[in-house]
Amino acid sequence: MTEEPSKTAPVTGADEPQKTLTPEAQRALAEAEARRQKYRAAEAQLPKEIGGRGGKEPGRYGDWEVKGLAADF
C-alpha cells in the first residue's frame, strides 16, 4: 500500500518575519478598529430583547437580514 504525501504544506509562518505595513495600511487598520469599537459601543446601548430570535439585530443594516440573506421592505 502506498502512502500519499499530505496535500497541504506544513505551516511555517512562525519562522518567517512579519511584513512591515505601510503607513497607509496601519492607518486603515486603526480606522477599522475605531469603527468596530464605535459599533460595539452603539450595540451595547441598545435595549435587550426579551423572547426574541437571538443573535444580532436583523435590521442593523437598514434592511432585514437573516443568515446572510437580506430582504428590503
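Residues numbered from 1 in each chain as written. Predicted model: local features only at pLDDT ≥ 70, side-chain atom pairs only at ≥ 80, totals over all residues. Heavy atoms only, no water.

Asker: How would you sum up the overall build of the protein? Please name residues and give values.
Answerer: The helix and strand tally for the protein stands at 1 helix and 2 strands. Seen in sequence order, the protein has helices and strands lined up from the N terminus as α-β-β. Within the protein, the fraction of its 73 residues that count as buried is 4%. Surface exposure of the protein reaches about 7400 Å², of which carbon and sulfur atoms provide 56%. (Helix = DSSP H or I, 4+ residues; strand = E, 2+ residues; numbered from the N terminus. Buried < 20%, exposed > 50% of the residue type's maximum accessible area, 1.4 Å probe, protein only. Areas by Shrake-Rupley, 256 points an atom, 1.4 Å probe, with all protein chains shown as cover.)

Asker: Residues and numbers for the pattern of salt bridges, please.
Answerer: Under the criterion given, the structure shown has 2 salt bridges. Ionic pairing is found between Glu31 and Arg27, a salt bridge with its closest N-O pair at 4.0 Å. In this pair, Glu31 and Arg27 both sit in helix 1 (residues 23-45), 4 residues apart, roughly one turn of the helix. A salt bridge links Glu33 to Arg36; its shortest N-O distance comes to 2.9 Å. (Salt bridge = Lys/Arg side-chain N within 4 Å of Asp/Glu carboxyl O.)

Asker: Let's hear about the environment of Lys56: which residues, and what values?
Answerer: Checked against the element boundaries, Lys56 lands in the loop between helix 1 and strand 1 (64-66). Given a relative accessible area of 44%, Lys56 falls into the partly exposed group. A C-alpha to C-alpha distance of 9.4 Å links Lys56 and Val66, two positions 10 residues apart in sequence.

Asker: Lay out the confidence of the model for the protein in plain terms, naming residues and giving numbers.
Answerer: Per-residue pLDDT for the protein has a mean of 78; in total, 66% of the residues score no lower than 70. Of all helices and strands in the protein, the one with the weakest mean pLDDT is strand 1 (73), whereas helix 1 scores best (94). (pLDDT = per-residue confidence, 0-100.)

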